[in-house]
Amino acid sequence: MQYQGVRVYFKNYKCFDEKLAGFDDIKNLNIIIGRNNSGKSSLLDIFKHLIQEDFSFPEASYHLKKHEPTIEIHRNLTQNVLETVFQKRRTSSDGILGNHWHYGKEYIGKLAKAEGVSSNNYQIISVQKPATIDANPNPHIEELYDTSHLRKLGAIFENPFAGKELARIHAERDIVPEPDTNTAIQNNGTGVTNIIQRYLNKVEKNSSVVDEDILNALNTIFEPEFTFKSIHCQQKDNGYWEIYLSEEGKTHIALSLSGSGLKTVIMVLTYIHILPKEKKKKLSEFIFCFEELENNLHPALLRRLINYLHHISIEHGCPIFITTHSNVLIDQYSACEDSQIIHVSSKNNVSSATTAKTYICNCNILDDLDIRASDILQSNGVIWVEGPSDRIYLNRWIAEHTNGQLQEGLHYQCIYYGGRILSHFDTSTENNELINILTFNRNAAILMDSDKKTSSTGLNSTKKRLKAGFEENSLMVWVTKGKEIENYLPPEAIAKHIGKTSVKQIETYEDFHESYAPTLSVTRKSYMTNKAKKSILAERLTPEINQTNMYTLDLEKQLNDLCQQIRQWNGIES
Ligand SMILES: Nc1ncnc2c1ncn2[C@@H]1O[C@H](COP(=O)(O)OP(=O)(O)O)[C@@H](O)[C@H]1O
Ligand SMILES: [Mg+2]
């Protein structure tokens, strides 16, 4: 991929503030997911500027119309670039440094950060220093590498996007009958009918682009449900042309009268197959930005369309950016080497973009756990709990506490982190990755058992790190006041469940399972070792838990905080 290792960042652009945002990597397929108004289109808008000679931004694009945007490109220095600055045959006048290339070669592969003044003029902000030069205290070397050469390096810093052709399809689009004109294709679908018509009708155009290339591609995407026999066009009385598709064994249908899903596919294929010919450029010189292709496309069709684009991108090296609010694509492409998922979210009208790649995809852990990437990305907020029984109790408490206002699946999603997932992370470095997964959706909270046997026992080290990780991200951490979640259980509920008039209150640090297992009918001996039994017990106990008996220890305060958080995630006034 020609953009490998290129990172593009910007700040103060539209809904993005002075925090650097952008792309940690450019992959073949770049899926940008986020809700409406989260900033997806704005993220793509930056390419308009990146491909241009001159980086001047219109004032309307300044963040809050006040702050001027800047673009940075970070990339690793290549031998080609370095050789032009650190010339092999040149030596310094003072003779101390000897052959420039002797030092210059040390910079191969080092990360350089540059701020764009214009598309082909960059100012180097910083360059990672090679260990060999860092170790050499010679002031002349410092001088040479920190100033003059780096300045020169900035002037020839490569912006791989400069001069590229940007082809974008907007979310709002349509294909309608059109007269024969010379107008180019526009990103709302205007001109698509005309260009297809011209390729089919004009002697100077090659009709096989439509009746072979586009038709074959169309069938690759629509089969097995539909097979199209031909694409042709006819002129109406008013002089307007109409595109017709005919299906095997059926009468032909007018494109303008068919579903918007079919129109979307035709428009995408026109971009891929006709646009390069019109612009007289190779596909590799294009950057494609397709917005919300899922509109009116059946999920299976959407998958096949994206799959087709994925292959085109790999074959020709043109990056394709797709914005979507569909979760259909996340699970498939989060596990794919040459694609990435970028999550755009907005808080207080300021957007941020995070690459999901590093933690969600590389580590297969989520697959192991039956957690789909879309669960984390798509729900309004996630509450991480240790296991299934915790989830059952928590859902009951939240429902009772809010008189049924807040519901799992609608306002939040519980996801398990306990047991197997923790066992994937033994060392502290890997534990950071765990925290990354858990805090990936910025709307997150975590509930954990304190496991305290006495008031003075502390959390174990993994939980301590988890807690710190959440707190660093300003996310809510609820550590049970008692030993475990079961220490919150009301004795009335247990008594009712086992058919007694009363049982004693569980002590704060008492081991619920040890004390109650022998008396609880469902559990008996296997209770301690069989996790499923814990959930069965939880399911049987929860109907007995209600507002009148549930508030013990710090439960009320914690539920107040948590429910407040959930309301905030959902924009619900309390
Ligand atoms: N110059 C600007 N300063 C601040 N916010 C802006 C600016 N221009 C646009 N926005 C806001 O950016 C938000 C994101 O828009 P957009 O990128 O179109 O979202 P999406 O494509 O995810 O639906 C909109 O709410 C819009 O009002
Ligand atoms: Mg948009």
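Now for a quick tour of the structure.

Cut-offs and rules
- Residues numbered from 1 in each chain as written.
- Chains lettered and ligands numbered in written order.
- Predicted model: local features only at pLDDT ≥ 70, side-chain atom pairs only at ≥ 80, totals over all residues.
- Heavy atoms only, no water.
- Helix = DSSP H or I, 4+ residues; strand = E, 2+ residues; numbered from the N terminus.
- Buried < 20%, exposed > 50% of the residue type's maximum accessible area, 1.4 Å probe, protein only.
- Phe/Tyr/Trp six-rings, centres within 6.5 Å; stacked < 30°, edge-to-face > 60°.
- Core = buried A, V, L, I, M, F, W, Y, C linked by side-chain atoms within 4.5 Å.
- Contact = heavy atoms within 4.5 Å.
- Near = heavy atom within 4 Å.
- Polar contact = N/O pair within 3.5 Å; in protein donor to acceptor, adjacent residues only side chain to side chain.
- Areas by Shrake-Rupley, 256 points an atom, 1.4 Å probe, with all protein chains shown as cover.
- Pairing = 2+ DSSP bridges.
- Axes fitted to C-alpha atoms, helices over the stretch in contact; angles between N-to-C directions.

### As for the overall build of the protein chain
Scanning the protein chain for helices and strands turns up 22 helices and 18 strands. Within the protein chain, the fraction of its 574 residues that count as buried is 53%.

### Some remarks on the packing of aromatic side chains
The geometry of two aromatic rings is summed up by the distance between their centres and the angle between their planes. Here the structure, examined in full by the defined rule, presents 18 aromatic pairs. Between the aromatic rings of F23 and F321, the centroid separation amounts to 5.4 Å while the plane-to-plane angle is 75°, which identifies the pairing as edge-to-face. Of the two residues, F23 is situated in strand 2 (residues 21-23) and F321 in strand 12 (residues 320-324); the sequence distance between them amounts to 298 residues. Members of the aromatic cluster, each reached through a chain of ring pairs, are Y3, F23, F47, F161 and F321.

### Here we look at the nonpolar core
Counting residues in each nonpolar core, the largest one holds 82 residues, and the members touching the most others are L218, F288, F290, L309 and W384. Aside from chain neighbours lying at most four places away, what touches L309 is V268, I272, F290, L293, I320 and I322. Of all hydrophobic cores here, the second largest spans 43 residues; its members include F10, C15, L43 and I46.

### Brief notes about the site of ligand 1
Near ligand 1 there are 15 residues, and of these N37, K40, S41, S42 and Y62 occur at the shortest range. In this structure, S42 approaches ligand 1 through a side-chain N or O atom, which is 2.6 Å from an oxygen atom. One of the backbone nitrogen or oxygen atoms of A60 is found 2.9 Å away from a nitrogen atom of ligand 1. Burial of ligand 1 by the protein chains amounts to 70% of its free accessible area of 580 Å².

### Brief notes about the sheet that holds strand 8 (residues 228-235)
The strand order across the open sheet built from three strands is 8-9-10, with neighbouring strands paired in antiparallel fashion. Looking along the sheet, the strands with just one partner apiece sit at the ends: strand 8 and strand 10 (253-254). Strands in contact with helix 6 (residues 192-201) are strand 8 and strand 9 (241-247); relative to strand 9, the strand with the most contacts, it is inclined by about 75°. The sheet contacts of helix 7 (residues 208-222) involve strand 8 and strand 9, and relative to strand 8 the element is tilted by about 130°.

### Examining the environment of I398
With respect to the secondary-structure elements, I398 resides in helix 15 (residues 388-401). The buried category is assigned to I398, whose relative accessible area is 0%. Sequence separation between I398 and L562 is 164 residues; the distance between their C-alpha atoms is 8.6 Å. Sequence-distant contacts of I398, defined by excluding residues within four places in its chain, comprise I383, L406, Y412, L559, L562, C563 and I566.

### Overview of the sheet that holds strand 13 (residues 339-347)
Strand order in this open sheet of six strands is 7-11-12-3-13-14, and the pairing throughout is mixed. Single-partner strands in this sheet number two, and they are strand 7 (165-169) and strand 14 (350-355). Strand-to-strand, the axes of this sheet are offset by a mean angle of 20°, without reference to chain direction. Relative to strand 11 (residues 286-291), strand 7 is paired through five bridges, and the arrangement is parallel. If you follow E165 over to strand 11, its bridge partner there is F286.

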